[in-house]
Structure formats: C-alpha cells, structure tokens
Amino acid sequence: MKENVPNNVEVGERIRKIREELKMNRETFSEMIDISDVFLGQIERGERSLSLKTLCRIVSFTGSSTDFILFGTMEENATINKINRILNRSSDTMILYIYELITASFSFFKTHKEK
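Residues numbered from 1 in each chain as written. Predicted model: local features only at pLDDT ≥ 70, side-chain atom pairs only at ≥ 80, totals over all residues. Heavy atoms only, no water.

Asks: I'd like a rundown of a nonpolar patch on the surface, residues and numbers included.
Replies: Judged by side-chain polarity, M94, Y97 and L101 come together as a nonpolar surface patch covering roughly 310 Å² of accessible area. With respect to the helices and strands, M94 occurs in helix α7 (residues 92-111). With a relative accessible area of 41%, M94 lands in the partly exposed category. (Patch = residues over 30% accessible without salt bridge, like charges linked within 9 Å, V, L, I, M, F, W, Y side chains within 5 Å. Areas by Shrake-Rupley, 256 points an atom, 1.4 Å probe, with all protein chains shown as cover. Salt bridge = Lys/Arg side-chain N within 4 Å of Asp/Glu carboxyl O. Helix = DSSP H or I, 4+ residues; strand = E, 2+ residues; numbered from the N terminus. Buried < 20%, exposed > 50% of the residue type's maximum accessible area, 1.4 Å probe, protein only.)

Asks: Hey, could you go over the packing of helix α1 (residues 8-21) against helix α3 (residues 37-44) for me, with residue numbers and the actual values?
Replies: A pair of packed helices is captured by two measures, namely the crossing angle of their axes and the spacing between those axes. Running from amino to carboxyl end, α1 crosses α3 at an angle of 120 degrees, the nearest separation of the two axes being 7 Å. Taken together, the axes of α1 and α3 are oblique relative to one another. Contact residues: N8, V9, G12, E13, I15, R16 and R19 in α1; L40, I43 and E44 in α3. Across the contact of α1 with α3, the residue classes tally to 4 nonpolar, 2 polar and 4 charged. (Axes fitted to C-alpha atoms, helices over the stretch in contact; angles between N-to-C directions. Parallel < 35°, antiparallel > 145°, perpendicular 65-115°, else oblique. Contact = heavy atoms within 4.5 Å. Nonpolar A, V, L, I, M, F, W, Y, C, P; charged D, E, K, R; others polar.)

Asks: Could you give an account of the packing of aromatic side chains, naming the residues involved and the relevant values?
Replies: Where two aromatic rings form a pair, the distance of their centres and the angle of their planes describe that pair. Under the definition given, this model contains 2 aromatic pairs. Aromatic pair F29 and F61: ring centres 5.8 Å apart, planes at 70 degrees, arrangement edge-to-face. Linking F29 in helix α2 (residues 26-32) with F61 in helix α4 (residues 52-62), this pair joins segments that are 32 residues apart in sequence. We classify F29 as buried; its relative accessible area is 0%. The exposure class assigned to F61 is buried, which follows from its relative accessible area of 12%. Consider the rings of F108 and F109, whose centres lie 5.5 Å apart with planes at 80 degrees: the pair is edge-to-face. On the basis of relative accessible area, F109 is assigned to the exposed category, the value being 57%. (Phe/Tyr/Trp six-rings, centres within 6.5 Å; stacked < 30°, edge-to-face > 60°.)

Asks: I'd like a rundown of the side chain of S30, residues and numbers included.
Replies: Here S30 shows up in helix α2. Assessed through its relative accessible area of 2%, S30 is described here as buried. Excluding its chain neighbours within four sequence positions, the residues that come into contact with S30 are I35, S36, D37 and L40.

Written as structure tokens, this is what we have:
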C-alpha cells in the first residue's frame, strides 16, 4: 500500500502559490501566521516541515483547505477561499445570517433562472 505522506517541497510550493495569489510578500504573510519570514522561506523551499499549529494558522488566514496544502488533492478556488476568510473571522450570528442570504439567493436563482 502506498504511503500518503506530504512532500515538503510540494507543500512549500503550494503555500508559496497561496501567498502569491494573496499578493503578499514573505514578510507580511509570515507576520499574519505568526512565524518568521526566514522560517516561511524554508517551508516554501521544502527545507523544513511546518507544524500542525502553523498549518492551522495558514488555513485559518487563507481559507485554503488542508487537503490542498498537504496533498494538492482539492482544487483551489479563489472565490471560495475569500469567502472562507470572511467566515473564519465572523461570529456565529454573522455566519448564520450569511448562510440565510446564500440560501435565499440560491432559491431565487433556482426559480428565476433564464430559460
């Protein structure tokens, strides 16, 4: 059976891609996830592994999935990542409100779709 272990170089490349899509330099991104820019550079080059704590911070800050970061198995969607970033910073009440807006919008478009 093939062992499914994350490859540090590939993980680092995906983190760099995420950071660049956010149009952030290494220094700013590293500040947002509370690590040094030197350590972030080592992670992005695959020289060092990231901890679970750092992975969680990246996921929380960027809205990216752990599956994508670790294994590249989930296709990234920039709009979904933006929505996830908003949701990660929202209260439970706000999340419920956003959910109700999405549900109402979905119902509206479903009943009024162009024929």
